[in-house]
Amino acid sequence: RRMGVFATRSPHRPNPIGLSLVRLDAVLDDSLELSGVDLVDGTPILDVKPYIPVYDSPAGDEAVRVPDWIEGAGAPLCSVEFTQLAVEQATALGGALRLFRSADELLRAIEDVLGADPRPSYRRQAESGTYEFDCDAVRVSSTFHLIGRSRVEGEDGGIANFGRFTVERVELRESGPRGKHPPSPTEPIIT
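None of the values given here were measured: they were computed from a predicted structure.

Rules used throughout
- Residues numbered from 1 in each chain as written.
- Predicted model: local features only at pLDDT ≥ 70, side-chain atom pairs only at ≥ 80, totals over all residues.
- Heavy atoms only, no water.
- Helix = DSSP H or I, 4+ residues; strand = E, 2+ residues; numbered from the N terminus.
- Buried < 20%, exposed > 50% of the residue type's maximum accessible area, 1.4 Å probe, protein only.
- Areas by Shrake-Rupley, 256 points an atom, 1.4 Å probe, with all protein chains shown as cover.
- Core = buried A, V, L, I, M, F, W, Y, C linked by side-chain atoms within 4.5 Å.
- Contact = heavy atoms within 4.5 Å.
- Salt bridge = Lys/Arg side-chain N within 4 Å of Asp/Glu carboxyl O.
- Polar contact = N/O pair within 3.5 Å; in protein donor to acceptor, adjacent residues only side chain to side chain.
- Phe/Tyr/Trp six-rings, centres within 6.5 Å; stacked < 30°, edge-to-face > 60°.
- Lys NZ or Arg CZ within 6 Å of the ring centre and 35° of its normal.
- Pairing = 2+ DSSP bridges.

Student: Even after reading the chapter, I still don't get the overall build of the protein, so can you show me in this structure?
Tutor: In terms of helices and strands, the protein carries two helices and seven strands. Of the regular secondary structure in the protein, the N- to C-terminal order runs β-β-β-α-α-β-β-β-β. Among the 191 residues that make up the protein, the fraction classed as buried is 28%. A total accessible area of about 12700 Å² is found for the protein, and carbon and sulfur atoms account for 52% of it.

Here it is, written out as structure tokens:
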């Protein structure tokens, strides 16, 4: 089924918006009643995204309702492998990481991102290509290779691509501008 960008958790959004896991208590006309929010009073809520069990885990054993169109979300779409050079580069970064405590955490995060196939849907028909993105203080360079295609059951009956990302380089991101714009995790490079 086709869904708009605001009905999904796509990283390709018009602007970087923070996430909070909240409970939807009620829908009253054009208003939502939420609880468990971690917002400052008066903070606007710009978007509401569906709960996906693989990515979100509320504290405790809370009852969570998952939309029917989210079935199967979070399962890896692509396999991910790292070249020896990429592993060595990640290991050598040491204290340069700001968000992750170790190279292992960084590599797991890269694998999670690429496993979800972050390429925009219009690029997913390509059989191969490069994909670069920023993660923490590093620039990740990878290559996508198509493994196969399969018809998807459902309303749209589309084609799903199954592929593999090979991470070739994990290099310290330049602190200065890349071209005219500073590096940004929301602006991946796809060729």
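Moving on from the model shown.
Student: Explain the nonpolar core here, please?
Tutor: Note that soluble globular proteins tend to have their nonpolar side chains buried in a common cluster. Core analysis: the biggest nonpolar cluster contains 21 residues, and Leu106, Ile110, Leu114, Cys135, Val138, Val167 and Val170 have the highest contact counts within it. Looking at this core, the elements that each hand over two or more residues are strand S3 (78-82), helix H1 (84-92), helix H2 (103-115), strand S4 (128-135), strand S5 (138-151) and strand S6 (159-172). By residue number, the principal contributor to this core is H2, which donates six residues. Ignoring anything within four residues of it in the chain, the contact list for Val170 reads Ala86, Gln89, Ala90, Leu93, Leu106, Ile110, Val138 and Arg139.

Student: Sorry, what's going on with unusual backbone geometry here?
Tutor: In most cases, non-glycine residues show a negative phi, while peptide bonds are predominantly trans. In this structure, Asp29 takes a positive phi of about 55 degrees despite not being glycine. Summarising the element assignment, Asp29 is placed in the loop between strand S1 (23-28) and strand S2 (31-35). Phi at Asp117 takes a positive value of approximately 50 degrees, unusual for a residue other than glycine. Structurally, Asp117 is set in the loop between H2 and S4. On the basis of relative accessible area, Asp117 is assigned to the buried category, the value being 3%.

Student: I keep staring at the pattern of salt bridges and nothing clicks. Help me out?
Tutor: Pairs can form between side chains of opposite charge whenever their charged atoms are close. Per the stated rule, a full pass over the model turns up nine salt bridges. One salt bridge in this structure joins Glu105 and Arg101, with 2.8 Å as the shortest N-O distance. You can call Glu105 buried: its relative accessible area is 17%. A salt bridge links Asp134 to Arg139, with the nearest nitrogen and oxygen atoms 2.6 Å apart. Take Asp134: its relative accessible area is 5%, and that puts it in the buried class. Connected through shared salt-bridge partners, Glu132, Asp134, Arg139, Arg169, Glu171 and Arg173 make up one network.

Student: So what exactly am I meant to see when it comes to the side chain of Thr143 here?
Tutor: Within the element layout of this structure, Thr143 appears in strand S5. Among the polar contacts made by the side chain of Thr143, one reaches the side chain of Glu168 at a distance of 2.6 Å.

Student: What's the story with the packing of aromatic side chains in this structure? I'm lost.
Tutor: In this description, an aromatic ring pair is defined by two values, namely the gap between the centres and the angle between the planes. As enumerated under the stated definition, the model contains three aromatic pairs in all. Ring pairs connect the aromatic residues Tyr131, Phe133, Phe144 and Phe165, which therefore count as one cluster. When the ring centre of Phe144 is taken as reference, the NZ or CZ atom of Arg119 above it lies at 3.7 Å.

Student: Would you take a moment to explain the pairing of S1 for this structure?
Tutor: Taken together, the five bridges between S1 and S2 define a ladder with antiparallel strand orientation. Following the sheet pairing, Val27 is matched in S2 by Leu32. Two successive antiparallel strands, S1 and S2, enclose a turn made up of two residues, where Asp29 displays a positive phi of approximately 55 degrees.

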